[in-house]
Amino acid sequence: MNFEAVAAEVMRQFVLCSGGKMLETGSGVAGICGDDIPLHALKGLNEALDRAELMRVRDFYFDHGIDATLELAPWVATPMAPLLLELGFEKASEEYVMARRAEAGVPVAERLENTGEWAAVLSHAFFGELTPLGERLGHLMGQMQSAVAVGLRVEGQLAAAGQLTTYGDAALLAGDGTLAAYRGRGLQQTLIRDRMARAAADGCPWVHAEVLPGSSSHRNYERCGFQNAYSRVHFVRRFPAT
């Protein structure tokens, strides 16, 4: 399974919605999403870059005074590793790309038309409070092509929310967030199954998500039948200090 084309399109959508800057290289998209959204990375690359093209990507970020970050699938990271090390890139982290076949079901979550409400839950879930970054990120994700936000309420309070975006035959489940007071009730798992049912109803055969290894999201996606398709490695070349 290969979901890198989806990753490239997600970065493209972020750049377009944020009014940022973009550099296309091979099948990948290097994006800068603006000063208020620190999402700057090369995503979706399916083939190794040669020295000249890698330096072009690095300089794209350096010209804007920021670190060069590459999020690489293993079939790209492995052959590029010697060149990355030679040019000063370091492995910073990794994420799991988890996937499974979409399964039919009956959606139970509410479709959220108010992106501000979803953005508030996202901000509190990720940052512990309502922040300008959290609100801006939620609004941007709501503007992405084919994006559907869904949520669950507890006694009228929007307690958990998540997003579904579909690109071709692969749907991405992202933006999962549950308010601290409502965690441990299985709300994220309900949202995972809800979005999977929506993807199946739309004729999308595959669903996938990007999670941090060992996180609560990792465990919840496993409980919903997702398996690690591959690990995406993040390499960073720091912007030189002046």
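Each remark here, short or long, concerns the structure printed above.
In this report, we go over the structure that sits alongside the text. Please read these numbers as outputs of a predicted model, since none were measured by experiment. (Residues numbered from 1 in each chain as written. Predicted model: local features only at pLDDT ≥ 70, side-chain atom pairs only at ≥ 80, totals over all residues. Heavy atoms only, no water.)

Examining the packing of helix α1 (residues 4-18) against helix α5 (residues 132-143)
- Here α1 crosses α5 at 110°, and the two axes come no closer than 9 Å. Here α1 is positioned roughly perpendicular relative to α5, judged by the angle of their axes. Along this stretch, α1 crosses α5, giving a crossing that reads as right-handed. Two secondary-structure elements touch here, α1 through Phe-14, Cys-17 and Ser-18 and α5 through Arg-136, Leu-137, Leu-140, Met-141 and Gln-143. (Axes fitted to C-alpha atoms, helices over the stretch in contact; angles between N-to-C directions. Helix = DSSP H or I, 4+ residues; strand = E, 2+ residues; numbered from the N terminus. Parallel < 35°, antiparallel > 145°, perpendicular 65-115°, else oblique. Left-handed = near helix turned anticlockwise from the far one by under 90°. Contact = heavy atoms within 4.5 Å.)

With respect to the packing of aromatic side chains
- Inspection of the entire model under this criterion finds four aromatic pairs.
- Ring geometry for Trp-75 and Tyr-230: centres 4.9 Å apart, planes at 65°, overall edge-to-face. With Trp-75 in helix α3 (residues 74-86) and Tyr-230 in strand β11 (residues 227-237), the pair connects residues that are 155 residues apart, well separated along the chain.
- The interplanar angle of 85° and the centroid separation of 4.9 Å between the aromatic rings of Tyr-221 and Phe-226 together place this pair among those described as edge-to-face. There is no split in this pair, since Tyr-221 and Phe-226 are both buried. (Phe/Tyr/Trp six-rings, centres within 6.5 Å; stacked < 30°, edge-to-face > 60°. Buried < 20%, exposed > 50% of the residue type's maximum accessible area, 1.4 Å probe, protein only.)

Description of the environment of Tyr-182
- Along the chain, the position of Tyr-182 falls in the loop between β9 (170-178) and α6 (187-201).
- Since its relative accessible area comes to 17%, Tyr-182 is described here as buried.
- In the structure, Tyr-182 is positioned 87 residues away from Glu-95 in sequence and 25 Å away in space, judged by C-alpha atoms.

A few points about unusual backbone geometry
- Despite not being glycine, Ser-146 has its phi angle at roughly 70°, a positive value.
- Among the structural elements, Ser-146 can be located in the loop between α5 and β7 (148-154).
- You will see that Glu-155, though not glycine, has its phi angle at about 55°, which is positive.
- Position of Glu-155 relative to the elements: it lies in the loop between β7 and β8 (157-167).

Concerning the side chain of Asp-176
- Secondary-structure assignment places Asp-176 in strand β9.
- Among the residues examined, Asp-176 registers a relative accessible area of 13% and is labelled buried.
- Here the side chain of Asp-176 touches Tyr-221 through a polar contact of 2.9 Å, side chain to side chain.
- Sequence-distant contacts of Asp-176, that is, excluding residues within four places in its chain, are made with Phe-126, Ala-161, Gly-162, Gln-188, Ile-192, Arg-195 and Tyr-221. (Polar contact = N/O pair within 3.5 Å; in protein donor to acceptor, adjacent residues only side chain to side chain.)

A closer look at the pattern of salt bridges
- One pass over the full model with this rule turns up 16 salt bridges.
- Across the salt bridge formed by Arg-51 and Glu-86, the nearest N and O atoms sit 2.4 Å from each other. Note that Arg-51 is positioned in helix α2 (residues 51-62) and Glu-86 in helix α3, a separation of 35 residues in sequence.
- A salt bridge links Glu-53 to Arg-56; the shortest N-O distance between them is 2.6 Å. Of this pair, Glu-53 and Arg-56 both sit in helix α2, three residues apart, which is roughly one turn of the helix. (Salt bridge = Lys/Arg side-chain N within 4 Å of Asp/Glu carboxyl O.)

Describing α1
- With 15 residues, α1 extends 21 Å from end C-alpha to end C-alpha; this agrees with the ideal 21 Å at 1.5 Å per step.
- Three or more residues of α1 are buried, namely Glu-4, Val-6, Ala-7, Ala-8, Glu-9, Val-10, Met-11, Gln-13, Phe-14, Val-15, Cys-17 and Ser-18.
- Downstream of α1 by one or two residues, Gly-19 has phi in the positive range, about 70°. (Expected span 1.5 Å × (residues − 1).)

Regarding the nonpolar core
- By size, the foremost hydrophobic cluster in this structure holds 43 residues, and its most contacted members are Val-10, Phe-14, Met-141, Met-144 and Leu-187.
- For this core, the secondary structure elements donating two or more residues are α1, β5 (90-101), α4 (115-127), α5, β7, β8, β9 and α6.
- With seven residues, α1 is the largest single contributor of residues to this core.
- In this view, Met-144 contacts Val-10, Gln-13, Phe-14, Cys-17 and Tyr-167; residues no more than four positions away in its chain are not counted.
- Core analysis: the next-biggest nonpolar cluster, separate from the first, contains 23 residues, Ala-30, Phe-62, Leu-72 and Met-80 among them. (Core = buried A, V, L, I, M, F, W, Y, C linked by side-chain atoms within 4.5 Å.)

Here's the deal with the pairing of β9
- For β9, the tally of buried residues reaches nine of nine residues, placing the bulk of the element in the interior.
- Pairing geometry for β8 and β9, over seven bridges, is antiparallel. By the bridge assignment for β9, Ala-161 is matched with Gly-177.
- In this structure, the hairpin formed by β8 and β9 is closed by a connection of two residues, where Gly-168 is found at a positive phi of approximately 65°.
- Across four bridges, β9 lies against strand β10 (residues 206-211) in parallel orientation. Paired with Leu-173 across the two strands is Ala-209, which belongs to β10.
- Taken together, β9, α6 and β10 constitute a β-α-β crossover, and its handedness is right-handed. (Pairing = 2+ DSSP bridges. Right-handed = clockwise from strand over helix to strand, strands pointing away.)

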